Every structure is written in structure tokens, then in C-alpha cells.
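# Topology and contacts: notes
If you want the building blocks of each chain, they are given just below.
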Amino acid sequence: DLRVTTFSRIKSLMGVPIRRVVTGCQANHILALTVDGKALVWGRNEDLQLGLGDSRNRYQPTRVPDIANAVDGCTGLAHTMIITRDHAVYAAGKNEFGQCGVGRTSKTVPTYKPVAGNIMAVNCSAGKNFTIIADTTGHVFAAGCPEHGQLGNGTEGRMLEKAGKITFRNQSAPILIQSPDLVGKKIKVVECGQSHTCAMDDEGRLFTWGFGGYGQLGHDSNKNELMPRAVAFFNNEVGEKPANLPSFLWRPRPKVRATVIAAGTSCTYAIANRQVLYMWGITKRSGESTMKPESFADLSGWKCRDVATGTSATIVAAGDSTITWGPGPTWGELAYGPDGPKSSTRTRKADCIEGVEVAQVAMGSNMSLVLVPQTKVNAEYLESAPVLDQPELEGAAPASAKKGRKKKKASNSDDGKPAKKKPTKKKK
């Protein structure tokens, strides 16, 4: 079994100061940004999403050549974006829908190319086949496939290519997202799920758009939103006290504003006032959807600092504990150890890192990462933690990924269900 079931130090990164580690809810690759501005990538690479010019998987963090002063970035299903200190954006990987935003569609973008439009970026996030970018002025831009409204431009971009075949008007260069709800707002953080986006402005207000089939937009509805719409729960204002109401009876609902957001495949999380964790959407497709933001009961009383979510699993940093949960199948990302449970629908501490102050958590499709600062509190753990030293293997992808499996037809479907087989006539 090659699964890593406890948090382990990556040997080649020991002694390398890391600013931030980035992955996405559908990604099987990772981007790490060092304090001195280097960009390191590793993981799956069949669509050249690492931007290294070839399709060979990397098992060790590998420096991206020709990219300096990297400060932020994001990873989609099979593409990667990097933002530099001067606010330039570069993209590599799968680009069939224009999700790299380089001004053209192509099967892939093999090495990092500048994103079109001279956007001065401060933050970005990527979904299955689209990318969202926030710039220095608080405006938001989108590139890629508009199928479920995830580009926020007021349309799903459907067009009839020929009889019986619908295609979509993909955007290969970033377009400005405009919405009445964003007028006067300055967006500073964006988070993408598979086909939806959550954006946070400089005051902690939240706005969502895209696919809403599981309630992940937080509007108490399962409808798609084609433009950014304010999430009422995080946009409330304190009204004036009625003149005929005594002051001691006046108990207005305080403003609820977010400080951290995370988007999963079909859910959204936010940490808000008093470090309370809120969730809406669904993590287990056979479960019941939460259609609007609700405080996460299992972590009631915990002071949550960071949250990330993958395909179905979630990781939270709270106090000096790291808490994970997720229904099966999981692949070790819950960090319960080789003898621990393989999955858990209830919150559970990752004992292997208990008592450690974690600066950041991240979660991809089937892996989780924590950034542990070198402090006195963490010194003992860092000295005794297991070390992961994966050997590099030759080849573009494991043989099991290329042989013995039937090739699935490409689809933008968001329901996660396999296509229905056509009935076959029995021979008489």
C-alpha cells in the first residue's frame, strides 16, 4: 500500500521556508511557494499541468524554471496558475476550454505563459474547466467553460453546433465579471469548487455563482446563478432600533462577516465571527444538502483558523488540533494512521499532529497538506515527524491509468454520475 496515512515531512523541502502551499478540490497536483519566490510543483502531469514541458509525473517538488517572485497561485483539475509579486499571472496545463486564459484554446499549454489582458492579479482559483482571478482594484475576471454559469457573465454560453449537438461559447481570455451585487465591492479572495465560485470582499461579505444543484451557493435554492449573487447570511446589516422598543429589549443580529473561505466539489465553507465554521452544500452525494449557511455543529465551541476541502473530505486547523473528516472512499488524506479508520463522517482529530500549531491547511482530490511553522512549540514534533522521500519514477502516468480501463467520454457534467447506457436489442 503506497498510501501515506500520517502527516510526514517532505524530505526535499526540509530547511526550505515555504510561504504557502496550494492545491484544489479536484487537483492531483500541488504548488508550493517559497519565501524567496520560487514555485515548486509535483504530482500528476498527464495534461502538462505542472508546466514543465513534458507529461512525466513528478514525485518530488520540482522548481518551475523562468518563474521568479511567485507569491500565490491555484490548481484546477488539470491546469495551474501562478501569480508573481508584480501581479502578473502565468498559466499551464489543460486548455481545451480556454481555462488557462492565454487568449486561445488548445489541448494543453506545456509551459507557463502569460495570461491575456494584462490583469494585475492578487488572487486566483480554478475549478474543473475554468479560472477566476481577482485584481488589485477588486474586480473579478473569468476564463474557461461557462456551462453552469461559472464564468459569472450572465449566460451558460450554449450554442447549437449542429443538429442535436450543443456546445459552449468558451472564453479563452479573461472577461470582466459584472453584477449589480458587486457594485462598490472590492473582492480580495476567490475560491472555486468543481463548477461554482465563492468570492469574499474586503469586509468579509460573500458572493457566489455557478452550479447550485446541491445548495453550495448558499441561497436556499438548488438553482444555478449566472452572475455573482450576495449570500444574504454574510451580507446582513444591523438595522435601527424601533423607536417604541426599550433598549434592553433590542437584540439585533450582529453582522456576520467571513475571514476564510473554501470551496469543495459541491460544498462551501466559511470561517466567520468568533472563528465559527459555517458550511453549506453537500460532501456526501447520498446525504442531505444544506441549502444555506449553517454553523457546523460538530465543531461548535472550537476556534477555527483555516479550512480546506477536497472531493468529499475536509480538514480544519483549530487551536493546536488538526481535525479531518470525510466519507469513503478516502486515500489516507484524513491522516488517521495505518491502523485508524479509513473514513469518518464525523469530525475526528488527526492524532499524528495533535498539539502542533498549523499555519495553513490544504486539500486536493485525495491528499491533504499542512504547513507547520518552525517555532518552539512545534520544535519537538518537527524533530520526530516521519519523513517522506518518494523516488522519482519514469513515465508519463502509471500503467494502471492507461491500460485496463475503458476510456470515458469527455463531459462537463456536474452530477458526478456515469452516463446511462443505451438499451441493446436482444437477438431473437
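These numbers were taken from a predicted model, which means no experiment stands behind them.

### Quick word on the pattern of salt bridges
Tallied over the entire structure, the rule returns 15 salt bridges. Each of Asp201, Glu203, Arg205, Glu237, Lys255 and Arg257 takes part in salt bridges that share partners, so that together they form one network.

### Observations concerning the packing of aromatic side chains
How two aromatic rings sit relative to each other is set out by the distance from centre to centre and by the angle between their planes. The tally for this structure, following the rule as stated, stands at 8 aromatic pairs. Geometrically, the ring pair formed by phenylalanine 234 and tryptophan 280 is tilted, given 5.6 Å between the ring centres and 40° between the ring planes. One end of the pair, phenylalanine 234, is in the loop between strand S19 (225–230) and strand S20 (260–263); the other, tryptophan 280, is in strand S22 (residues 276–281), with 46 residues separating them in the sequence. Take tryptophan 280: its relative accessible area is 0%, and that puts it in the buried class. Three or more aromatic residues link up through ring pairs in this structure, and these residues are Phe233, Phe234, Tyr278 and Trp280. In this structure, arginine 253 packs its charged tip against the face of phenylalanine 233, placed 4.5 Å from the ring centre. Positioned over the ring face of tyrosine 336 is arginine 348, at 5.2 Å from the centre of the ring.

### Regarding the nonpolar core
With 34 residues, the main nonpolar core has Tyr269, Leu277, Trp325 and Ile353 as its most contacted residues. Looking at this core, the elements with two or more residues in it are S20, strand S21 (267–272), S22, strand S24 (304–309), strand S25 (314–318), strand S26 (321–326), strand S28 (360–363) and helix H1 (379–384). Excluding residues within four positions of it along the chain, leucine 277 makes contact with Tyr269, Ala270, Ile271, Glu294, Ser295, Phe296, Leu299, Cys304, Val307, Val316 and Trp325. Core analysis: the next-biggest nonpolar cluster, separate from the first, contains 15 residues, Cys74, Met81, Val89 and Val102 among them.

### As for the sheet that holds S25
Judged by pairing direction, the sheet is antiparallel, and its 4 strands sit side by side in the order S24-S25-S26-S27 without closing on themselves. Of all the strands in the sheet, just S24 and strand S27 (344–349) have a single pairing partner and so form its edges. For this sheet the average axis-to-axis angle between neighbouring strands, irrespective of direction, equals 15°. The sheet contact formed by S25 and S26 spans 5 bridges and is antiparallel. Each residue of the ladder has a partner; that of valine 316, found in S26, is isoleucine 323.

### Examining the pairing of S28
What you see with S28 is no split at all: Gln360 and Ala362 on one side and Val361 and Met363 on the other are buried throughout. Relative to strand S29 (residues 368–371), S28 runs antiparallel, the two being bridged by 4 bridges. Bridging from a neighbouring strand, methionine 363 pairs with serine 368 of S29. Following S28, the chain reverses through 4 residues before pairing antiparallel with S29.

### Side note on the sheet that holds strand S6 (residues 70–75)
Taken together, 4 strands build an open sheet; the order of strands is S6-S7-S8-S9 and the sheet is antiparallel. Single-partner strands in this sheet number two, and they are S6 and strand S9 (108–114). In this sheet, adjacent strand axes meet at a mean angle of 10° when their direction is disregarded. One ladder, built from 5 bridges, connects strand S7 (residues 79–84) with strand S8 (residues 89–94); its direction is antiparallel. Bridge pairing in S8 links histidine 79 to glycine 93.

### A few points about the confidence of the model for the protein chain
Model confidence for the protein chain is summarised by a mean pLDDT of 91, while 92% of its residues fall at 70 or above. Between residues 398–428, whose pLDDT stays under 50, and residues either more than four places distant or in other chains, the model counts 25 contacts.

### Overview of the environment of serine 343
Relative to the helices and strands, serine 343 resides in the loop between S26 and S27. In this structure serine 343 comes out as partly exposed when scored by relative accessible area, which is 33%. The spatial distance from the C-alpha of serine 343 to the C-alpha of glutamate 333 is 9.3 Å, given a sequence separation of 10 residues. Here serine 343 is in contact with Gly326, Pro327, Gly328, Thr330 and Leu334, once residues within four sequence places are set aside.

### What about unusual backbone geometry?
Among all residues except glycine, the phi angle is most often negative; among peptide bonds, the trans geometry is most common. A cis amide bond links glycine 328 with the next residue in sequence, proline 329, at an omega value of 0°. For proline 329, the location among the structural elements is in the loop between S26 and S27. Of note in this structure, aspartate 66 is not a glycine but carries a positive phi near 65°. You can see aspartate 66 is positioned in the loop between strand S5 (58–63) and S6. Of note in this structure, aspartate 220 is not a glycine but carries a positive phi near 60°. Take aspartate 220: it is sitting in the loop between strand S18 (206–210) and S19.

Conventions and cut-offs
Residues numbered from 1 in each chain as written. Predicted model: local features only at pLDDT ≥ 70, side-chain atom pairs only at ≥ 80, totals over all residues. Heavy atoms only, no water. Salt bridge = Lys/Arg side-chain N within 4 Å of Asp/Glu carboxyl O. Phe/Tyr/Trp six-rings, centres within 6.5 Å; stacked < 30°, edge-to-face > 60°. Helix = DSSP H or I, 4+ residues; strand = E, 2+ residues; numbered from the N terminus. Buried < 20%, exposed > 50% of the residue type's maximum accessible area, 1.4 Å probe, protein only. Lys NZ or Arg CZ within 6 Å of the ring centre and 35° of its normal. Core = buried A, V, L, I, M, F, W, Y, C linked by side-chain atoms within 4.5 Å. Contact = heavy atoms within 4.5 Å. Pairing = 2+ DSSP bridges. Axes fitted to C-alpha atoms, helices over the stretch in contact; angles between N-to-C directions. pLDDT = per-residue confidence, 0-100.

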